[in-house]
Amino acid sequence: MDQYLVFGNPIKQSRSPIIHQLFANQTQQQLNYQSKYVELNEFSATIARCIKTGVKGANVTVPFKEEAMALCNQLTERAQLAGAVNTLSFVNGEIWGDNTDGQGLVQDLLNNNVELKNSRILLLGAGGAAKGVILPLLAQLPAAIVIANRTIAKAESLITKFNNEKLSSCGFTDLNDEKFDLIINATSASLSGNIPPISNELVANTLCYDMVYGKELTPFLKWAKEHGAIKVIDGLGMLVGQAAESFRVWRNVLPEITPVLNILRKEG
Ligand code: ATR
């Protein structure tokens with residue numbers, strides 16, 4: 001049976017094995033998918049072993065996404081621009097790298113009937129999570145994507161890599177009287193219980209998305225809801241979406257996201 005793995009450190013919490021098992025059942029594909037904890041200095045040796053033992057592909061999560069990219073013989077454009085890889089395919093002894101995170105986000109937004117074409121998008125954060133979603137968001141032809149970050153220089157340097165006139169950058173306090181259709185939180189602030197310091201008015205009547213998810217609403221989404229956001233969406237759908245896109249890369253079949261997302265939400 002074809003073997004796939006997900007590597008991370010930590011990895012216990014990973015929901016990828018159950019997601020890929022559900023995709024395999026749904027599309028009647030025969031495959032085995034397991035999570036594997038990798039010591040910090042063992043990543044490249046682990047990948048070499050995968051190739052030797054005939055593993056077909058792997059997902060890569062924190063903290064190995066950049067290291068994975070460096071090992072690849074071929075990269076997709078979206079992986080190059082993301083500067084990180086979450087999907088590896090082992091083909092004839094070579095390592096092909098892709099990044100499906102951004103497509104996962106876009107797919108989840110479209111599944112939630114979010115109109116991206118001609119929309120004004122505010123992307124909060126300029127780290128790895130933000131970088132990975134810019135190209136797939138641009139492909140949806142929004143009117144503008146403004147990238148706001150605590151460290152303005154990081155947002156500025158990020159947009160120069162894309163060379164696209166729809167992108168602009170600023171600090172959180174420069175945003176005061178602008179209006180957006182969609183605000184995406186790509187900062188890691190939620191993980192420490194914080195929210196990016198943007199004004200209350202920005203979220204009123206606006207759709208708010210947090211790439212992070214949890215059993216309860218994330219601090220950003222809770223705050224956005226309290227201040228009149230039209231709708232709030234957490235990143236669980238993005239997780240399932242990126243997995244679906246990895247599955248497509250490997251198996252050439254795009255599984256349906258919604259039934260799997262419904263099962264995960266029920267499980268809590
Ligand atoms: P990730 O891969 O999750 O994006 P990262 O590359 O370390 O992680 O980036 C974290 C992002 O969250 C950055 O944009 C960071 O802002 P800075 O560039 O100014 O460091 C942002 N961030 C983290 N904690 C934050 C907080 N409490 N408030 C606002 N932004 C925060």
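Residues numbered from 1 in each chain as written. Predicted model: local features only at pLDDT ≥ 70, side-chain atom pairs only at ≥ 80, totals over all residues. Heavy atoms only, no water.

Enquirer: Explain the sheet that holds strand β2 (residues 31-37) to me, and be specific about the residues and the numbers.
Expert: Spatial ordering of the open sheet is given by β2-β1-β3-β5-β6-β4, a layout of six strands whose pairing is mixed. The strands lining the two open edges of the sheet, one partner per strand, are β2 and β4 (74-75). Sheet analysis places strand β5 (residues 87-91) next to strand β6 (residues 94-98), joined by five bridges and oriented antiparallel. Note that in β6 the partner of T87 across the bridge is D98. (Pairing = 2+ DSSP bridges. Helix = DSSP H or I, 4+ residues; strand = E, 2+ residues; numbered from the N terminus.)

Enquirer: Account for the pairing of strand β3 (residues 57-60), naming residues and giving values.
Expert: Regular strands place their side chains on alternate faces of the sheet. Residues of β3 alternate between two faces, with G57 and N59 on one and A58 and V60 on the opposite face, all of them buried. Inspection of the sheet shows strand β1 (residues 2-8) paired to β3 by four bridges, in the parallel sense. The partner of V6 across the bridge, within β3, is N59. Looking at chain direction, β3 and β5 are connected through three bridges and run antiparallel. Residue pairing for β5: A58 is matched across the bridge by L88. (Buried < 20%, exposed > 50% of the residue type's maximum accessible area, 1.4 Å probe, protein only.)

Enquirer: Summarise the domain arrangement of the protein chain; cite the residues concerned and give the values.
Expert: For the protein chain, the assigned domains read domain 1 (2-99 + 237-267) and domain 2 (102-234). Relative to domain 2, the C-alpha centre of domain 1 lies at a distance of 25 Å. At the junction of the two partners, domain 1 supplies 17 residues and domain 2 supplies 17 residues. Taking both sides of the interface into account, the surface hidden between domain 1 and domain 2 amounts to around 1300 Å²; carbon and sulfur atoms contribute 63%. Summed over the shared surface of domain 1 and domain 2, the result is one salt bridge. D234 serves as the salt-bridge partner of R265, at 3.0 Å between the closest nitrogen and oxygen. Only α4 (77-82), α10 (236-251) and α11 (258-267) provide two or more residues apiece to the side of domain 1 that touches domain 2. Of the residues forming the side of domain 1 that touches domain 2, the biggest block, six residues, is contributed by α10. (Domains from an automatic or database assignment. Contact = heavy atoms within 4.5 Å. Buried area = accessible area lost by both parts, 1.4 Å probe. Salt bridge = Lys/Arg side-chain N within 4 Å of Asp/Glu carboxyl O.)

Enquirer: Account for the packing of aromatic side chains, with residues named and values stated.
Expert: If you walk through the whole model with that rule in mind, you get six aromatic pairs. Ring plane angle 70° and centroid distance 5.6 Å describe the contact between F23 and F247, whose orientation is recorded as edge-to-face. Placement of the pair is F23 in helix α1 (residues 16-27) and F247 in helix α10, with a sequence separation of 224 residues. As far as the burial class goes, F23 and F247 line up, both buried. Plain terms: the ring middles of Y33 and W250 are 6.3 Å apart, the flat faces sit at 50° to each other, and that makes the pair tilted. Remark: W250 occurs in helix α10 and Y33 occurs in strand β2; sequence separation between them is 217 residues. On the basis of relative accessible area, W250 is assigned to the buried category, the value being 13%. Among the aromatic residues, ring-to-ring pairing joins Y4, Y33 and W250 into one connected group. (Phe/Tyr/Trp six-rings, centres within 6.5 Å; stacked < 30°, edge-to-face > 60°.)

Enquirer: Hey, could you go over the site of the ligand for me, with residue numbers and the actual values?
Expert: Contacts to the ligand come from 14 residues, most closely from A129, N149, R150, T151 and K154. Note that an oxygen atom of the ligand is positioned 2.9 Å from one of the side-chain N or O atoms of R150. Class assignment for the residues of the shell around the ligand results in four nonpolar, eight polar and two charged. (Near = heavy atom within 4 Å. Polar contact = N/O pair within 3.5 Å; in protein donor to acceptor, adjacent residues only side chain to side chain. Nonpolar A, V, L, I, M, F, W, Y, C, P; charged D, E, K, R; others polar.)

Enquirer: Quick rundown of the pairing of β1? Include the residues and the values.
Expert: Buried residues dominate β1, accounting for five of its seven residues. Read from β1 through α1 to β2, the crossover connection turns out right-handed. (Right-handed = clockwise from strand over helix to strand, strands pointing away.)

Enquirer: I'd like a description of the pattern of salt bridges, backed by residues and values.
Expert: Scanning all chains against the criterion turns up eight salt bridges. Put simply, E226 and K222 hold a salt bridge, and the shortest N to O gap is 3.4 Å. Highlighted residues: E226 and K222, both in helix α9 (residues 219-226), separated by four residues, approximately one helical turn. Assessed through its relative accessible area of 53%, E226 is described here as exposed. Accessibility expressed as a relative area gives 47% for K222, which makes it partly exposed. Taken together, the shared-partner salt bridges connect R78, D98, E245 and R248 into one network.

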